[in-house]
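# Secondary and tertiary structure notes
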Amino acid sequence: MGSEIFPKVKSEGGSSESGGSESGADERGGDNDAFEYFGWVYHLGVNTMGHEYCHLRFLYIRGKYMEMYKRDPHENPGTKPIRRGVINHTLMVEEIGRRRVNHGDLYVLRFYNRLDETKRGEIACASPGEVRKWMEAFDRAKQQADYDLSRGQSARDKLKLESEINLAGHRPRVRRYAHGLKQLIRIGQGPEKLLRKSSKLGAKSETDVYFEADGTDVVEAHEWKCVRTLDGVRIFEDMANKKTGKGVLVKAVGVVEASADTVFDVLLSLDRHRRYEWDMLTGDVELIESLDGHCDVVYGTLDLRKLSWWQSKRDFVFSRRWFHGQDGTYTILHFPTEYKKRPPKSGYRRIKMIACSWEISNIGTSSSLKPARCLVTLILEIRSKAWFKWKNNEFCKFERTLPFGMLSQVAGLKEYIGANPALTFESSTVVVQSKTSGVSISSNELEDAMGSDEFYDAIGTDSSSSDEDSGDEVSSKQDKKVKLKNVSWAIASLALKKTSAPDTSKELNPNVPSLTLDPSQFHGTMRHAKGEGDSDCWSSPSGSGFMIRGKTYLKDSTKVTGGDPLLKLIAVDWFKVDECITNIALHPKCLVQSEAGKKIPFVLIINLQVPAKPNYSLVLYYAADRPVNKDSLLGKFIDGTDSFRDSRFKLIPSIREGYWMVKRAVGTKACLLGKAVTCKYLRQDNFLEIDVDIGSSSVARGVIGLVLGYVTSLVVDLAILVEAKEEAELPEYILGTVRLNRVKVDSAVPLEG
């Protein structure tokens, strides 16, 4: 599959804004000391003849500037960039998932200008892990541009004169020389044959290392108990949610000596020869339809005589949907599905495969010299009768059933990767190199994605790669700081016993008498819950069900249970609209336009735009009983730049009741919404409105589509907060919460003009 055809060389690159660029390294002045990112990417596009191309290119980001080369400029001094330009704050970056390119799979990033979507372009990487790091690189470049804009009129004038990077347009004509025809990469001429080079991840690193607990951000209701250990894999049973007569949740957990990128690539690969080495059940599978970059439909055959002599041959169809979380965790969901275009194969009977979820998360180590490791978890639901008999050693036939064969896949995967150490180097290349300089930038104005963000397992790595066209090899550069994650159950257990008690007096003005917020004065289109068993309504739970950053988080990564929300949820609107709506606070019938709403010191409005047919908007109104302190973190968020808001606006989801597969899809990890989807902000009078376009991300669209299918049986909790990244901002506090009880889609009301 993709890892075989497009190995860990450096991927190719681009971003899409507009116009060719005039700014070279010699024209940047003080920016010469800015941070740097560089590595290989695939540049995708269409040429003047209308033919698709896929070129291997070296991408270089310094501060807010980007350059694209044919060869590594470190190895070839004096080489000139073929494209160059500035990455400004209007650049939007979207991960659109996996795409088949020239008989191989690549992971694609799409760029466009939010003010002019005709200015766009695409780059692709060999793995989704590389995509995530490039997204962070572009995000930091945008923050640099935003910071420069805030410095004054001269900086604004300079930026206006600088050309945006152009990836979609055609670069200036240059003479082309053939450096070995056999090495040319041409789309449609068969598989690209790129040299494989091993990555030197973190080699010779002499950096400061600190750890972060890699647990959930929600106080989980599950209580997993280890009941068996088979071939080095632990088998767990969920003791908290036992069901009588139906089924029980079971999971197999194993540690694999490879990166999460490697394991994800192996699991997603449909290469028969590869799967035969570890998957005794679904080795014979083939792709029958790719729905989007994060979802496909797979057909396979299964010879159940491998498990029991009397069972016949079967075939099956299931859909796969995968996600890559901001914390680096991969989730792959398998759903049984019907596919009328593919009838049962002659001699086979169609069966319904068991729904299951795979989760792969990196395990941090105390030394970058140690090999990568990850935790692989397979969860499925098993009929309780056979499970309990086998667990109590009363039923050995369970070991010849389909569920047991699925649980054994974890052991097969572990042994397969352990027996093929080359996979670790082939699939886990980190192509993004970074060099952090001593440039002094206030963290309140420019978020330091490298030093304070929690979404890297390791930053500051060595990596090498080859470009057949040039034979270049990337020289390694070290970061000044490495941040690694570590799964620490001791820390997590300790955190559960603590409660966050932030001094919220610094957020709201203590010198102003508090206003009594009477919920009866405010009315939304969705009902307020009258009791726990009520449905199609909302309530506001405490923050005790969420884990947030404690006072000492920057030192020991300790998270604590949240306290009461700072803001009070006073109303919820549930609208259905033909087109997604923004600036809802300006609507004459909006709550903040009422007489009671105008008297509230401050209102935070969250407009969750739900893509569907028709579209929906879930509007949450959070009120403060006193004016917000301008110097507080909340005050800086309210009146800050969009870039600052994007880097701090955090949401923690939790499905309290509902189908377990939906729970796995939604997850329990905090998400920086501004980095996951497009957020627009409206600051006026006594309110701040945040319009969250869930449809702007293909991943988010897939998750929300799944949620809507089960929404009438779900109890969903959400916590909203401003992420704390400096010691003075800790401990975190929860801005607001909401509980949505079994919402009915049909209860949404039209928003009348």
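Keep in mind that this is a model prediction, so the values were computed, not measured.

### Comments concerning the overall build of the protein chain
Scanning the protein chain from N- to C-terminus turns up 18 helices and 34 strands. With 753 residues in all, the protein chain has 58% of them scored as buried. The contacts of the protein chain with a sequence gap of at least 6 include a subset with a gap of at least 24, amounting to 72%. Of the roughly 32100 Å² of accessible surface on the protein chain, a fraction of 50% belongs to carbon and sulfur atoms.

### Describing unusual backbone geometry
With an omega of 0 degrees, the peptide bond between Lys613 and Pro614 qualifies as cis. Tracing the chain through its elements places Pro614 in the loop between strand S26 (602-610) and strand S27 (615-624). The peptide bond linking Leu730 to Pro731 adopts the cis configuration, its omega dihedral lying at -5 degrees. Residue placement: Pro731 occurs in the loop between strand S32 (715-722) and strand S33 (736-741). Non-glycine residue Asp231 carries a positive phi angle of around 55 degrees. Take Asp231: it is sitting in the loop between strand S9 (224-230) and strand S10 (233-238). Assessed through its relative accessible area of 63%, Asp231 is described here as exposed. In this model, Arg742 sits at a positive phi of 45 degrees, which is unusual for a non-glycine residue. Note on placement: Arg742 falls in the loop between S33 and strand S34 (749-750). Classification of Arg742 as partly exposed rests on a relative accessible area of 22%.

### A word on the environment of Asp315
You can see Asp315 is positioned in strand S14 (residues 313-324). In this structure Asp315 comes out as buried when scored by relative accessible area, which is 0%. Residues Asp315 and Lys352 lie 37 residues apart in sequence; the distance between their C-alpha atoms is 8.8 Å. Once residues within four sequence positions are removed from consideration, Asp315 is found in contact with Tyr299, Gly300, Thr301, Pro343, Pro344, Lys345, Tyr348, Arg349, Arg350 and Ile351.

### Describing the sheet that holds S33
Reading across from one edge, S21-S22-S33-S32-S28-S29 is the order of the 6 strands in this open sheet, with mixed pairing throughout. The two strands at the open ends of the sheet, each matched to only one other strand, are strand S21 (527-528) and strand S29 (671-672). Alignment of strand S28 (residues 649-657) against S29, held across 2 bridges, turns out to be antiparallel. For Leu651, the partnering residue across the bridge sits in S29 and is Cys671.

### Concerning the nonpolar core
In this structure, Trp134 and Phe138 are the most contacted members of the largest nonpolar core, which totals 71 residues. Among the nonpolar cores identified, the runner-up in size contains 63 residues, and Leu333, Met526, Phe644 and Ala748 belong to it.

### A word on the packing of helix H4 (residues 260-268) against helix H8 (residues 409-418)
The interhelical angle for the contact between H4 and H8, taken along N-to-C directions, is 115 degrees, at an axis separation of 12 Å. As H4 packs across H8, the resulting crossing turns out to be right-handed. Within the contact between the two elements, H4 uses Val263, Val266 and Leu267 and H8 uses Leu413, Tyr416 and Ile417. Class assignment for the residues of the contact of H4 with H8 results in 6 nonpolar, no polar and no charged.

### A short note on the pairing of strand S25 (residues 568-577)
Most of S25 is tucked away: 8 of the 10 residues are buried. Relative to S34, S25 runs parallel, the two being bridged by 2 bridges. Residue pairing in the sheet places Phe575 in a bridge with Val749 of S34.

### Quick look at the packing of aromatic side chains
Inspection of the entire model under this criterion finds 12 aromatic pairs. Measuring from centroid to centroid gives 5.2 Å for Trp40 and Phe58, while their planes differ by 85 degrees, and the two rings are edge-to-face. In this pair, Trp40 sits in strand S1 (residues 36-46) while Phe58 sits in strand S2 (residues 52-62), placing the two residues 18 residues apart along the sequence. Here the aromatic residues Phe38, Trp40, Phe58 and Tyr60 are joined through ring pairs into a cluster of three or more. Here the basic side chain of Lys251 rests over the ring of Phe236, its NZ or CZ set 5.2 Å away from the ring centre.

### Things to note about the state of the cysteines
Taken as a whole, this structure holds 0 disulfides when the rule is applied. Its sulfur unpaired, Cys671 is 8.9 Å from the next cysteine sulfur, which belongs to Cys679.

### Some thoughts on the pattern of salt bridges
Tallied over the full model, the rule gives 34 salt bridges. In this structure, Arg683 engages Asp639 in a salt bridge whose closest nitrogen and oxygen atoms are separated by 2.9 Å. Pair noted here: Arg683 is in strand S30 (residues 678-684) and Asp639 is in helix H14 (residues 633-639), with a separation of 44 residues, a long-range link. Accessibility expressed as a relative area gives 29% for Arg683, which makes it partly exposed. Since its relative accessible area comes to 42%, Asp639 is described here as partly exposed. Residues joined in a network through salt bridges with shared partners are Arg98, Arg100, Asp105, Asp296 and Arg320.

### Considering the pairing of S27
Among the 10 residues of S27, 10 are classified as buried, and the element is accordingly described as predominantly covered. Across the two faces of S27 the burial is the same, with Asn615, Ser617, Val619, Tyr621 and Ala623 and Tyr616, Leu618, Leu620, Tyr622 and Ala624 all buried. Inspection of the sheet shows S25 paired to S27 by 9 bridges, in the antiparallel sense. Note that in S27 the partner of Asp573 across the bridge is Val619.

### What to know about helix H2 (residues 128-149)
Taking 1.5 Å as the rise per residue, H2 with 22 residues should run 32 Å; its terminal C-alpha atoms sit 32 Å apart, in good agreement. With 22 of 22 residues buried, H2 lies mostly within the body of the structure.

### Brief notes about the confidence of the model for the protein chain
Fine structural detail should not be taken from predicted coordinates in areas where pLDDT scores are low. Chain-level pLDDT for the protein chain is 77 on average; 73% of the residues reach the 70-or-more range. When the criterion is pLDDT under 50, residues 426-498 qualifies, and its contacts beyond four places in sequence or with other chains add up to 258 contacts.

### Things to note about H4
Most of H4 is tucked away, with 9 of its 9 residues classed as buried. Residues Ala260, Asp261, Thr262, Val263, Phe264, Asp265, Val266, Leu267 and Leu268 constitute the buried set of H4.

### Some thoughts on the sheet that holds S27
One open sheet holds the 6 strands; their spatial order is S30-S31-S26-S27-S25-S34, and the pairing between them is mixed. Each of the sheet's edge strands pairs with one partner strand only, and the pair in question is S30 and S34. Where S26 lies against strand S31 (residues 687-693), 7 bridges are found, and the strand directions are parallel. Considered in S31, the bridge of Leu608 is made with Val692.

### Things to note about the environment of Tyr621
Within the secondary structure, Tyr621 sits in strand S27. C-alpha separation for the pair Tyr621 and Val603, spaced 18 residues apart in sequence, amounts to 6.6 Å. Each residue touching Tyr621, except ones within four places of it in the same chain, is listed here: Lys568, Leu569, Ile570, Ala571, Val572, Asp573, Cys590, Leu591, Val603, Leu604 and Ile605.

### Regarding the side chain of Ser698
Within the secondary structure layout, Ser698 lies in helix H18 (residues 698-710). On the basis of relative accessibility, which here comes to 8%, the residue Ser698 falls in the buried class. The residues contacting Ser698, other than those within four sequence positions of it, are Glu94, Glu95, Ile96 and His294.

Rules of the game
- Residues numbered from 1 in each chain as written.
- Predicted model: local features only at pLDDT ≥ 70, side-chain atom pairs only at ≥ 80, totals over all residues.
- Heavy atoms only, no water.
- Helix = DSSP H or I, 4+ residues; strand = E, 2+ residues; numbered from the N terminus.
- Buried < 20%, exposed > 50% of the residue type's maximum accessible area, 1.4 Å probe, protein only.
- Contact = heavy atoms within 4.5 Å.
- Areas by Shrake-Rupley, 256 points an atom, 1.4 Å probe, with all protein chains shown as cover.
- Pairing = 2+ DSSP bridges.
- Core = buried A, V, L, I, M, F, W, Y, C linked by side-chain atoms within 4.5 Å.
- Axes fitted to C-alpha atoms, helices over the stretch in contact; angles between N-to-C directions.
- Left-handed = near helix turned anticlockwise from the far one by under 90°.
- Nonpolar A, V, L, I, M, F, W, Y, C, P; charged D, E, K, R; others polar.
- Phe/Tyr/Trp six-rings, centres within 6.5 Å; stacked < 30°, edge-to-face > 60°.
- Lys NZ or Arg CZ within 6 Å of the ring centre and 35° of its normal.
- Disulfide = S-S within 2.5 Å.
- Salt bridge = Lys/Arg side-chain N within 4 Å of Asp/Glu carboxyl O.
- Expected span 1.5 Å × (residues − 1).
- pLDDT = per-residue confidence, 0-100.

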